[in-house]
Amino acid sequence: MHPDELKVIYADKSLLVLDKPTGLLSVPGRGEDKQDCLSARAQRLYPDALVAHRLDMATSGLMVMARGAAAQRALSLAFASRSVRKRYVAIVDGQLAPSLQDWGVIDLPIIVDWPERPRRIIDHQRGKPSVTHWRVLAHNTSDETTRVELEPVTGRSHQLRVHLLALGHAIVGDALYGSPRVQAMADRLLLHACLLELRHPVSGQSMCFDSTEDF
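Note that the structure is predicted; figures quoted are calculated from it, not measured.

## Looking at the pattern of salt bridges
1) Next: Summed over the entire model, instances satisfying the criterion amount to 16 salt bridges.
2) Next: Here Arg-67 makes a salt bridge to Asp-48, at a shortest N to O gap of 2.9 Å. With Arg-67 in strand 4 (residues 60–67) and Asp-48 in the loop between helix 1 (38–45) and strand 3 (49–51), this residue pair connects regions lying 19 residues apart in the sequence.
3) Next: According to the relative accessible area criterion, Asp-48 is partly exposed, its value standing at 30%.
4) Next: Across the pair Asp-102 and Arg-135 runs a salt bridge, and its minimum N-O distance is 3.7 Å. Highlighted residues: Asp-102 in the loop between strand 5 (85–93) and strand 6 (104–107) and Arg-135 in strand 9 (residues 131–140), separated in sequence by 33 residues.
5) Next: Three or more residues joined by partner-sharing salt bridges are found here, namely Arg-85, Arg-87, Asp-102, Arg-135, Glu-149, Glu-151 and Glu-197.

## Focus: the pairing of strand 1 (residues 8–11)
1) Next: The pairing of strand 1 with strand 2 (residues 15–20) spans 3 bridges and is classified as antiparallel. Of the residues in strand 2, the one forming a bridge with Ala-11 is Leu-16.

## Looking at the nonpolar core
1) Next: Leu-16, Leu-18, Ala-42, Tyr-88, Leu-150, Ile-171 and Leu-191 are the most contacted members of the largest nonpolar core, which totals 25 residues.
2) Next: No other element matches strand 5, which puts 3 residues into this core.
3) Next: Dropping the residues within four chain positions of it, Tyr-88 is found in contact with Leu-55, Thr-59, Val-148, Glu-149, Leu-150, Pro-152, Leu-160, Leu-191, His-192, Ala-193 and Cys-194.
4) Next: Membership of the second largest hydrophobic core comes to 15 residues, among which are Leu-15, Val-17, Ala-66 and Leu-75.

Parameters at a glance
Residues numbered from 1 in each chain as written. Predicted model: local features only at pLDDT ≥ 70, side-chain atom pairs only at ≥ 80, totals over all residues. Heavy atoms only, no water. Salt bridge = Lys/Arg side-chain N within 4 Å of Asp/Glu carboxyl O. Helix = DSSP H or I, 4+ residues; strand = E, 2+ residues; numbered from the N terminus. Buried < 20%, exposed > 50% of the residue type's maximum accessible area, 1.4 Å probe, protein only. Pairing = 2+ DSSP bridges. Core = buried A, V, L, I, M, F, W, Y, C linked by side-chain atoms within 4.5 Å. Contact = heavy atoms within 4.5 Å.

Below is the structure:
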């Protein structure tokens, strides 16, 4: 992808839906070398574009931005009230057994691991409530991996990565949480935001967007 390239899925006067590549920051980081990011690229084409939520740098897929402060307030409120539906696809290490229900539930509280930040850990005393729904899509017996679909209920940083690690199945290519073997299995984190369902911040119309993973 060209350094300035932006993959626009949808755009109107209030809303942008973008497809973020892996390895690109959502917002600027600290330092001159961390200024290229999805929000900066969007603002070159849409100067009124404002961030409503974020994806980890290593995660690819759908990300919505607001156009203007009023739309940003509406979208931020929608994310905070959990009325935006998000789904992800991931490939995890090992043969993850399907849940006994259609969707399994991971309900484990997460907190930042201060000595090892930006890592997060499960902490039953001090962690913030964190819930992820998951289901198995397919098993790959040749490389001993499982393709899973994930629907986070809460939106903690690194939530999907930490929750799957807690199940004993780290996401393939995870440089932060995977073992050296799991990291070496792919040249990127195999986690993609594949579906986004929300109400338009002005019209209230229900909208659904999807993006297919390339792994």
